[in-house]
Amino acid sequence: MISWLTGKSKPDLKVDIHSHLLPGLDDGVKTLKESLDVISTMAALGFEKLITTPHIYPDFYPNTAQGIKQSHQELIVAIESAGIDICVEAAAEYFVDTDFLKSIKNGTDILAFGNNKYVLIETGFQAKPIVLEETIFELKTH
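Residues numbered from 1 in each chain as written. Predicted model: local features only at pLDDT ≥ 70, side-chain atom pairs only at ≥ 80, totals over all residues. Heavy atoms only, no water.

Asks: An account of the packing of aromatic side chains is requested, with residue identities and associated values reported.
Replies: Within the structure shown, the criterion is met by four aromatic pairs. Ring geometry for Y57 versus F95: centroids 3.8 Å apart, planes at 10°, classification stacked. Pair noted here: Y57 is in the loop between β3 (55–56) and α3 (65–82) and F95 is in strand β5 (residues 93–95), with a separation of 38 residues, a long-range link. Taken as a pair, Y57 and F95 share a single burial class, namely buried. Look at Y94 and F100: their rings are 4.6 Å apart centre to centre, the planes differ by 15°, and that puts the pair in the stacked class. Grouping residues by exposure puts Y94 and F100 together as buried. (Phe/Tyr/Trp six-rings, centres within 6.5 Å; stacked < 30°, edge-to-face > 60°. Helix = DSSP H or I, 4+ residues; strand = E, 2+ residues; numbered from the N terminus. Buried < 20%, exposed > 50% of the residue type's maximum accessible area, 1.4 Å probe, protein only.)

So, in structure tokens, the structure goes:
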């Protein structure tokens, strides 16, 4: 694994489904230049598609689907201008809590990937969220 990180060989992986490449939205890259540098490096390593997934966690990262989509479009323009040959899509990494559960039930725009079949979720590290099973059920039924 270290060999492909150093650029001495290319990975068999072609798609990354969990990255924080939209500048300034969460704990990922902070600037457009930093985003382009990371994306350029990943393209050079052989990645063909990146699905950037900024956090949506109301208490810490109050991102919205609309804000993520706007930032994604701005990034796409910059990638094309820089001549980087890679596909970058946008989804989100949702914190499982009652707010997310309400969003699903209310039909709020949920950013999914893989032809809208997959949603990236995260939980706290201390304990399983009390709404985890209900959230998964609601995601499956919607």
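Asks: Give me the nonpolar core: which residues, what numbers.
Replies: The tendency in soluble globular proteins is for nonpolar side chains to be buried as a group. I39, L50, I79, I86 and V88 are the most contacted members of the largest nonpolar core, which has 30 residues in total. If you tally residues by element for this core, the top one is α3, at six residues. In this structure I39 touches L21, L50, L75, I79, I84, I86 and V88, once residues within four positions along its chain are discounted. (Core = buried A, V, L, I, M, F, W, Y, C linked by side-chain atoms within 4.5 Å. Contact = heavy atoms within 4.5 Å.)

Asks: I'd like a description of the sheet that holds β3, backed by residues and values.
Replies: Reading across the sheet, the three strands line up as β3-β5-β6 and stay open at both edges, with parallel pairing between neighbours. Only two strands of the sheet have a single partner each, and these edge strands are β3 and β6 (120–122). Sheet topology places β5 next to β6; three bridges connect them, and they run parallel. In the strand pairing of β6, E93 is matched with L120. (Pairing = 2+ DSSP bridges.)

Asks: Can you tell me about the side chain of S71, naming the residues and giving the values?
Replies: Residue position: S71 is located in helix α3. According to the relative accessible area criterion, S71 is buried, its value standing at 10%. In this view, S71 contacts L22, P23 and L25; residues no more than four positions away in its chain are not counted.

Asks: I'd like to hear about the environment of G67, residue by residue, with values.
Replies: Of note, G67 is situated in helix α3. Distance in space between the C-alpha atoms of G67 and I136 is 24 Å, their sequence separation being 69 residues.

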